[in-house]
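# Structural characterization, general
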Amino acid sequence: MRKISIFIAMSLDGYIAKPNDDLSFLNLVEKEGEDYGYAEFTDSIDTIIVGRKTYEYVLKNIGSSHYDNGNRDVYVITGTERPNVGRTVFYTGDLTKLIERLKSENGKNIYCDGGAEVINELLKQDLIDEFVISVIPILLGNGTRLFKDGRPEQTLKLITAKAFETGLTQLHYSKEK
């Protein structure tokens, strides 16, 4: 069965964005030639789940090929029906049913790139199998929290913890069975 993983960065106090969806704090750990394992991670997936706001942010700031590179399926979770674009599906149905269907199909793993609303909906349904969380050495004090209240307790097993010279610490956990 395929796994669904998150690969995300957050501040030490648990925020994935400053107010107004400001991600400038990520620049603190930018280093030429360092991707913190992102390329290796994306080689292990062939499907991406992403919320509409995150999708539109990436489209505007990075470009459409970041998600739809022709080699993977992209599901944008949205409340508004739109026609598919390439391998990008604008999905308006039940998120749990989509994930259960995708997990049962053959293929590589599934990457949930956020945002926080989609991740927390998956957490409420206990559907995330792996967590790769990069902790940025900053206390933001406000913004968009990665983990929101109202989800069940979930026990995780530490796979690796790696510190980088930029101060970023990357934690890799799997869900306990």
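Here goes a summary of the coordinates provided. Keep in mind that what you see is a predicted model, and the values were worked out from it rather than measured.

## Regarding the pattern of salt bridges
Scanning the entire structure with this criterion turns up 12 salt bridges. We note a salt bridge from lysine 31 to glutamate 165, for which the minimum N-O separation is 2.6 Å. Within this pair, whereas lysine 31 is found in the loop between strand S2 (15-17) and helix H1 (38-43), its partner glutamate 165 is found in the loop between strand S9 (156-163) and strand S10 (169-175), the two being separated by 134 residues in sequence. Judged by relative accessible area, which is 69%, glutamate 165 ranks as exposed.

## Let's talk about helix H4 (residues 116-124)
Within the span of H4, buried status applies to Ala116, Val118, Ile119, Asn120, Leu122 and Leu123. In the stretch just after H4, aspartate 126 is the one whose phi turns positive, near 55 degrees.

## As for the nonpolar core
Counting 26 residues, the largest nonpolar core has Ile49, Leu95, Leu98, Cys112, Ile119 and Leu122 as its most contacted members. When contributions to this core are tallied by element, the ones reaching two or more residues are strand S1 (4-11), strand S4 (73-77), helix H3 (95-104), strand S6 (109-112), H4 and strand S7 (130-136). Looking at this core, the element that brings in the most residues is H4, giving five residues.

## Brief notes about the packing of aromatic side chains
Applying the stated rule across the entire model yields seven aromatic pairs. On the basis of an interplanar angle of 35 degrees and a centroid distance of 4.9 Å, the ring pair of phenylalanine 7 and phenylalanine 41 is categorised as tilted. Pair noted here: phenylalanine 7 is in strand S1 and phenylalanine 41 is in helix H1, with a separation of 34 residues, a long-range link. Residue classification places phenylalanine 7 among the buried positions, given a relative accessible area of 11%. Ring geometry for tyrosine 38 versus tyrosine 111: centroids 6.3 Å apart, planes at 70 degrees, classification edge-to-face. Here the residue tyrosine 38 occupies a position in helix H1, and tyrosine 111 occupies one in strand S6, the gap between them amounting to 73 residues. Of the residues examined, tyrosine 38 reaches a relative accessible area of 23% and is grouped as partly exposed. Among the aromatic residues, those joined into a ring-pair cluster are Phe7, Tyr38, Phe41 and Tyr111. Taking NZ or CZ as reference, arginine 82 lies 4.0 Å from the ring centre of phenylalanine 90, over its face.

Conventions and cut-offs
- Residues numbered from 1 in each chain as written.
- Predicted model: local features only at pLDDT ≥ 70, side-chain atom pairs only at ≥ 80, totals over all residues.
- Heavy atoms only, no water.
- Salt bridge = Lys/Arg side-chain N within 4 Å of Asp/Glu carboxyl O.
- Helix = DSSP H or I, 4+ residues; strand = E, 2+ residues; numbered from the N terminus.
- Buried < 20%, exposed > 50% of the residue type's maximum accessible area, 1.4 Å probe, protein only.
- Core = buried A, V, L, I, M, F, W, Y, C linked by side-chain atoms within 4.5 Å.
- Phe/Tyr/Trp six-rings, centres within 6.5 Å; stacked < 30°, edge-to-face > 60°.
- Lys NZ or Arg CZ within 6 Å of the ring centre and 35° of its normal.

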